[in-house]
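Residues per chain, in single letters:
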Amino acid sequence: MNAQNTVIDELKMDFPFAEEMKKKWPPGLSYLVAVSGGRDSMALLHFLHEVGYRELTVCHVNHSLRGADSDEDASFVATESKKRGFLSVSSSVDVTSFAATERLSLETAARELRYRWFAEIARKRSCPRIFLGHHGDDQIETVLMNFFRGAGLRGLAGIEEETTRRIGEIDLCLIRPFLPLRREEISTYVTAHEIAFREDASNQSDFALRNRIRNRLIPTLKEIFQRDVTGAVLRAADLAALEEAWATEVVGDLPFRDGGAGLDVRKLREYPPARRNRVLLTWLRQSGVPDCGSREVARVSAVALSSDSPAKTNLPGGHHVRRREGLLFIESPTRD
């Protein structure tokens, strides 16, 4: 059996990949699925339909970054969803303006607006679960990106197959069934099933950090080491994930006060630095503050330890952390 047939067989509903997936995420439940119209998300949509998922709402975000091409992506997704009998919903967002206002990169701004809208659809449809098309190559890029940002274990562990993200009042469950697969395997599946998709020319440009990692850094690393280093990156991510799980368990309950309004500053000051930083990182992420790492934790820790004013620091996504009367709390951005 050749490699192409092996990949296809592994994705069929009566093989372990799909069977294990359906045990984790039963097809009888309702789900959202994020579909851009690109190769990966269209492969995901096709696969979910093939293995028996019927209660799907297809969610497409028009980032308004590619003019007419963006509008055509939205029309394509709506048409392909209808062919499979799925309801589709779409939203247009002004990423450029939001990025400028919030002083974010286009990548970060697009992701923030995208997930806010996903959360809104989840609330309206009482469906807090969404399938995403991330795969193994996305994992590699994420781990490398986090490494060069100076991330700790959580960042080096990369993307999780299933995680919950607090967005406003919604706990959105993010599900990534394709994470064990590589881009090449997904391409093989797309070719074999003649799945239509939209090619995003911006993926080949270097405007985004992730694109530069994909198109320039990884090929350079392969050239330097004279071998494919991506497997080693994935193994390192797996090890980091195990260590991260252990560290999270060791931290235990967060030192909340006043019915969960914030953290008890006195207790935070009593913790050793490593535990305090881990508690703060866990708290920020559970509270829905995006893109948190060692730099943000250091700023929040300084606020907790200081007795001076102003007892405030700014965080990504328009969030703020304040200290008042022995309480450390987060102010979230106002949602329109």
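Residues numbered from 1 in each chain as written. Predicted model: local features only at pLDDT ≥ 70, side-chain atom pairs only at ≥ 80, totals over all residues. Heavy atoms only, no water.

Let's talk about helix H6 (residues 106-124)
Thought 1: Across its 19 residues, H6 extends 27 Å between first and last C-alpha, which sits within 8% of the 27 Å expected from 1.5 Å per residue.
Thought 2: All buried positions along H6 are accounted for by Thr108, Ala109, Ala110, Glu112, Leu113, Tyr115, Arg116, Trp117, Phe118, Ala119, Ile121 and Ala122.
Thought 3: Looking one or two residues beyond H6, the residue adopting positive phi is Ser126, at roughly 50°. (Helix = DSSP H or I, 4+ residues; strand = E, 2+ residues; numbered from the N terminus. Expected span 1.5 Å × (residues − 1). Buried < 20%, exposed > 50% of the residue type's maximum accessible area, 1.4 Å probe, protein only.)

A look at helix H14 (residues 294-305)
An α-helical turn contains 3.6 residues, so a residue and the one three or four places further along point in the same direction.
Thought 1: Taking 1.5 Å of rise per residue, the 12 residues of H14 would be expected to cover 16 Å, and the 16 Å separating its terminal C-alpha atoms lies within 8% of that figure.
Thought 2: Residues Glu296, Val297, Val300, Ser301, Val303 and Ala304 constitute the buried set of H14. For H14, the angular spread of the buried residues around the axis is 155°, confining them to a single face. (Arc of directions from axis to C-beta.)

Here we look at the sheet that holds strand S4 (residues 129-131)
Thought 1: Overall, mixed pairing links the six strands, which are arranged S3-S2-S1-S4-S6-S5 in an open sheet. The open sheet has two edge strands with one neighbour each: strand S3 (87-92) and strand S5 (162-167). Ignoring strand direction, the axes of neighbouring strands in this sheet form an average angle of 30°.
Thought 2: Where S4 and strand S6 (residues 170-175) come together, three bridges link them in parallel fashion. (Pairing = 2+ DSSP bridges. Axes fitted to C-alpha atoms, helices over the stretch in contact; angles between N-to-C directions.)

Observations regarding the packing of helix H5 (residues 95-102) against H6
Thought 1: Between H5 and H6, the shortest axis-to-axis distance is 9 Å and the interhelical angle comes to 110°. It follows from the interaxial angle that H5 and H6 lie roughly perpendicular. Contacts between H5 and H6 involve Val95, Thr96, Phe98 and Ala99 from the first element and Leu106, Ala109, Ala110, Glu112, Leu113 and Arg116 from the second.
Thought 2: Tallied by class, residues from the contact of H5 with H6 come to seven nonpolar, one polar and two charged. (Parallel < 35°, antiparallel > 145°, perpendicular 65-115°, else oblique. Contact = heavy atoms within 4.5 Å. Nonpolar A, V, L, I, M, F, W, Y, C, P; charged D, E, K, R; others polar.)

Side note on the sheet that holds strand S10 (residues 319-324)
Thought 1: Strand order across the open sheet formed by five strands is S7-S8-S11-S10-S9, with antiparallel pairing between neighbours. The open sheet terminates on both sides in strands that have one partner only, identified here as strand S7 (256-257) and strand S9 (312-315).
Thought 2: Across two bridges, the pairing between S7 and strand S8 (residues 262-264) is antiparallel. Bridging across to S8, Phe256 finds its partner in Leu263.
Thought 3: Together, S7, S8, S9, S10 and strand S11 (327-331) form the strand contacts of helix H13 (residues 273-286), whose direction differs from that of S11 by roughly 30°.
Thought 4: Contacting S9, S10 and S11, H14 crosses the sheet at an angle of about 165° to S9.

Examining the packing of aromatic side chains
Thought 1: The final tally for this structure, using the stated rule, is nine aromatic pairs.
Thought 2: Arranged with centres 5.6 Å apart and planes meeting at 75°, the rings of Tyr31 and Tyr53 form a pair that is edge-to-face. Here Tyr53 lies in the loop between helix H3 (39-50) and strand S2 (56-62) and Tyr31 lies in strand S1 (residues 31-34), a separation of 22 residues in the sequence.
Thought 3: Between the aromatic rings of Phe47 and Phe178, the centroid separation amounts to 5.7 Å while the plane-to-plane angle is 50°, which identifies the pairing as tilted. (Phe/Tyr/Trp six-rings, centres within 6.5 Å; stacked < 30°, edge-to-face > 60°.)

Some details on unusual backbone geometry
Thought 1: The backbone of Ser64 shows a phi angle near 55°, a positive value even though the residue is not glycine.
Thought 2: Mapped onto the elements, Ser64 comes out in the loop between S2 and helix H4 (68-83).
Thought 3: Its identity is not glycine, yet Glu194 carries a phi of approximately 50°, on the positive side.

Re the packing of H13 against H14
Thought 1: Here H13 crosses H14 at 110°, and the two axes come no closer than 10 Å. When the interaxial angle is binned, H13 and H14 end up roughly perpendicular. Between H13 and H14 lies a crossing whose hand is right-handed. Each of Arg276, Asn277, Leu280, Leu281, Trp283 and Leu284 in H13 lies in contact with H14, whose residues at this interface are Val297, Val300, Ser301 and Leu305. (Left-handed = near helix turned anticlockwise from the far one by under 90°.)

A few points about the side chain of Thr313
Thought 1: For Thr313, the location among the structural elements is in strand S9.
Thought 2: A distance of 3.2 Å separates polar atoms of two side chains, one belonging to Thr313 and the other to Arg299.
Thought 3: Apart from residues lying up to four places away in sequence, Thr313 is in contact with Arg299, Val300, Val303, His319, His320 and Val321. (Polar contact = N/O pair within 3.5 Å; in protein donor to acceptor, adjacent residues only side chain to side chain.)

Things to note about the state of the cysteines
Thought 1: One pass over the full model with this rule turns up zero disulfides.
Thought 2: No disulfide involves Cys59; its sulfur sits 8.2 Å from the nearest other cysteine sulfur, which is in Cys127.
Thought 3: Cys59 gets classed as buried once you look at its relative accessible area, which sits at 1%.
Thought 4: For Cys173, which is in no disulfide, the shortest distance to another cysteine sulfur is to Cys127 and amounts to 9.9 Å.
Thought 5: The class for Cys173 is buried, based on a relative accessible area of 12%. (Disulfide = S-S within 2.5 Å.)

What about a nonpolar patch on the surface?
Thought 1: Nonpolar side chains collect at one region of the surface, where Leu65, Leu106 and Phe207 lie side by side and expose about 250 Å² of accessible area between them.
Thought 2: The exposure class assigned to Leu65 is partly exposed, which follows from its relative accessible area of 39%. (Patch = residues over 30% accessible without salt bridge, like charges linked within 9 Å, V, L, I, M, F, W, Y side chains within 5 Å. Areas by Shrake-Rupley, 256 points an atom, 1.4 Å probe, with all protein chains shown as cover. Salt bridge = Lys/Arg side-chain N within 4 Å of Asp/Glu carboxyl O.)

Topic: the environment of Glu19
Thought 1: Topologically, Glu19 is positioned in helix H2 (residues 16-24).
Thought 2: A relative accessible area of 33% means that Glu19 is categorised as partly exposed.
Thought 3: Each C-alpha atom, one on Glu19 and one on Val51, is 8.8 Å from the other, the two residues being 32 residues apart in sequence.

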